[in-house]
Amino acid sequence: MAHDTGQWTLEKLIDFEAELLRGSVASEPERRELAEAVRGLEGASARRRGLQLWLAGLQAAAGPQPASVGRRFVGALGLVTTLCCLLLASSGVFAVLGLLDRTRGGIHVTLFLAILLGGQWLVLVAAWLGWVWRRRAGEAFSGVQAMLGGLARRFSATRDGAWWQALTDGGGHARAALLWRIARIAQAGGIAFNLGVLCGLAGVVLVKNVGFFWETTTTGAMRSGLETTVRGLAMPWSSWWPAAVPDAAVIGASRWLPGHSGDLAPGPSQWWLFLLMAVVCWGLLPRLLMWLLCWRAGRRALARLDFQGRAHRILWRELTTVGRVDLDEPPLDGVLVLDVGGTGLDRDLLRPFLLRRLRVNPTAWESVAVLDPGAELLAARALAQAPAGVVLLAEGWALSPPRLSALLAQVRAAAGPERAGKFLAANTGPGGQPVPPTTAECREWERFVDGLRDPLAEVHCYQELAG
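Residues numbered from 1 in each chain as written. Predicted model: local features only at pLDDT ≥ 70, side-chain atom pairs only at ≥ 80, totals over all residues. Heavy atoms only, no water.

Enquirer: What exactly am I supposed to notice about the side chain of Asp-339 here?
Expert: As for its position among the elements, Asp-339 is in strand β4 (residues 332-340). This buried residue, Asp-339, is left without a salt bridge; Arg-347 holds the nearest opposite charge, at 5.9 Å. Residues within four places of Asp-339 in sequence aside, it is in contact with Gly-344, Glu-366, Ser-367, Val-368 and Leu-393. (Helix = DSSP H or I, 4+ residues; strand = E, 2+ residues; numbered from the N terminus. Buried < 20%, exposed > 50% of the residue type's maximum accessible area, 1.4 Å probe, protein only. Lys, Arg positive; Asp, Glu negative; His and termini not counted. Salt bridge = Lys/Arg side-chain N within 4 Å of Asp/Glu carboxyl O. Contact = heavy atoms within 4.5 Å.)

Below, the structure written as structure tokens:
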């Protein structure tokens, strides 16, 4: 299973979900090799490394195959991006042509700014408000993202793929990676639209005698507002390129007055230079910045994948249960065992399971959630010493999610947020003999710990060790 897996990508993530849905398994030697590969890693880091090795092993064993689900979908995203950019770039060109007043032979500068720049910012503000609302509502897809994602699935022939449902319903960093990748398409379209506006404006100025004008029925309000707007928009370049800033005299001379006959005189150049720079600074550059932010957020989401979905945790338990017993890695010393509710289990009989299966060597045992203030105080002091790790031991039938969640929070508060927490369910037999919990009890414990979505929390059910 030794493969060069590199970093997680969206393609690999989709392929992983597809393989998981197929019910692919690993052999016992592969599991032992995986356990060896993640030695020294904990929590999300171990899962990222181990699950990627599992995926790479499956793909290598399958040999040369047609394009995978992930590759087809990512390729379709590229096709959707190209089509979106072509459509919006054309829209930008035609928008400029549509604002050209052929009767007067000029462009209305206030309409240009209001429609081509103001309209974009209204869309951005609406998108931001929608993003804030979706975060509060559980990070649902926006209408645009759903449409783009649907097109990509159609083009990739994976429209009805169950992997999409698993990825979008699973939440967390996996869905965020998909959301940010699709959001990049929208920002790429915005970049293309502004490039189309720039090309359209430059082309009109180059091949036609185009004038620039504004008009109003008020005496001075519109002129004052336009002068303020021009000064504000020109702030990024006014100090080093004053020729691209219409002054008060140019603005006054550009007003269309009643009784004016004939076509407008070409220019002046300050107007078309100003409009070009305004589109670059207030249309193109913000979109470029947002594209980069989406790209960075997507990479960060992929780097933080924790695989805390229920199917992910079930697979991880399946892969790591076998292989740990025979590792040469010594058990972790300095571990504290918190006996929840006072199970009465014989510590000496339980120690071999802790050493071989959990790979921990308990050096302290304390009781919690018992009617003994002294025991509670001793447990609090032991936690305050920040042990190497904590095992929460409870009987299989005595699962109490609120109490155990509170205990785990207490462990993290005392021993540190990065401290691993292991849950061990074991029933008590005659003479304190550990007895495996029932299948139903183990299932409930796994469901509880999986629901915590905590990459550092693991659950184990006691089993008789062979040999």
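Enquirer: Help me understand the pairing of strand β6 (residues 389-394), please; the structure alone is not making it clear to me.
Expert: Remark: a regular strand shows side chains that alternate across the two faces of the sheet. In terms of burial, β6 is largely enclosed, as six of its six residues are buried. Where burial is concerned, the two faces of β6 agree: the one with Gly-389, Val-391 and Leu-393 and the one with Val-390, Leu-392 and Ala-394 are both buried. Bridge count between β4 and β6: five bridges; the pairing is parallel. Counted as the bridge partner of Val-337 is Val-391 from β6. Strand direction decides the pairing type here: β6 and strand β7 (residues 421-425), joined by five bridges, are parallel. (Pairing = 2+ DSSP bridges.)

Enquirer: I keep staring at the confidence of the model for the protein and nothing clicks. Help me out?
Expert: Detailed reading of predicted coordinates is not advised where the pLDDT is low. Of all residues in the protein, 86% have pLDDT values of 70 or greater, and the mean over the chain is 83. Per-element averaging of pLDDT across the protein places helix α14 (residues 373-384) at the bottom with 56 and helix α11 (residues 269-303) at the top with 95. (pLDDT = per-residue confidence, 0-100.)

Enquirer: Looking at this structure, how should I read the packing of helix α4 (residues 69-99) against helix α8 (residues 172-207)?
Expert: Axis angle and axis distance: for two packed helices, these are the angle between their axes and the distance between the axes, and together they describe the pair. Put simply, α4 and α8 touch, their axes get as near as 7 Å, and they point 30° apart. Relative to α8, the element α4 lies roughly parallel. Crossing geometry of α4 relative to α8 is assigned as right-handed. (Axes fitted to C-alpha atoms, helices over the stretch in contact; angles between N-to-C directions. Parallel < 35°, antiparallel > 145°, perpendicular 65-115°, else oblique. Left-handed = near helix turned anticlockwise from the far one by under 90°.)

Enquirer: Where do I start with unusual backbone geometry in this structure?
Expert: With the exception of glycine, most residues fall at negative phi, and the peptide bonds are largely trans. At the junction of Gly-267 and Pro-268, the peptide bond is cis and its omega measures out at 0° in the coordinates. Notably, Phe-307 is not glycine yet its phi reads approximately 50°, a positive angle. Counting through the fold element by element, Phe-307 comes out in the loop between α11 and α12 (310-321). Positive phi, close to 50°, is recorded for Arg-453, a residue that is not glycine. Of note, Arg-453 is situated in the loop between α16 (439-452) and β10 (457-461). Look at Arg-453 and you get partly exposed, because its relative accessible area is 38%.

Enquirer: Sorry, what's going on with the environment of Val-335 here?
Expert: Examined against the element boundaries, Val-335 turns out to sit in strand β4. Exposure remark for Val-335: the relative accessible area of 2% places this residue in the buried category. As a C-alpha pair, Val-335 and Ala-364 span 29 residues in sequence and 6.7 Å in three-dimensional space. Leaving out residues up to four positions away in the same chain, Val-335 has contacts with Val-360, Asn-361, Pro-362, Thr-363, Ala-364, Gly-389, Val-390 and Val-391.

Enquirer: What's the story with the pairing of β4 in this structure? I'm lost.
Expert: When β4 meets strand β5 (residues 360-368), the two strands line up parallel, connected through eight bridges. Bridging across to β5, Val-335 finds its partner in Pro-362. Between the parallel elements β4 and β5, the chain passes through helix α13 (residues 347-356) in a crossover that is right-handed. (Right-handed = clockwise from strand over helix to strand, strands pointing away.)

Enquirer: I tried to follow the packing of aromatic side chains on my own but got confused; where do I start?
Expert: In this structure the tally under the stated criterion is 15 aromatic pairs. Between Trp-8 and Phe-16, the ring centres sit 5.8 Å apart and the planes meet at 85°, which makes this aromatic pair edge-to-face. The buried category is assigned to Phe-16, whose relative accessible area is 0%. A connected cluster of aromatic rings, assembled from ring pairs, spans Trp-8, Phe-16, Trp-54 and Phe-307. Arg-153 extends its terminal NZ or CZ atom over the ring of Trp-164, reaching a point 4.1 Å from the ring centre. (Phe/Tyr/Trp six-rings, centres within 6.5 Å; stacked < 30°, edge-to-face > 60°. Lys NZ or Arg CZ within 6 Å of the ring centre and 35° of its normal.)

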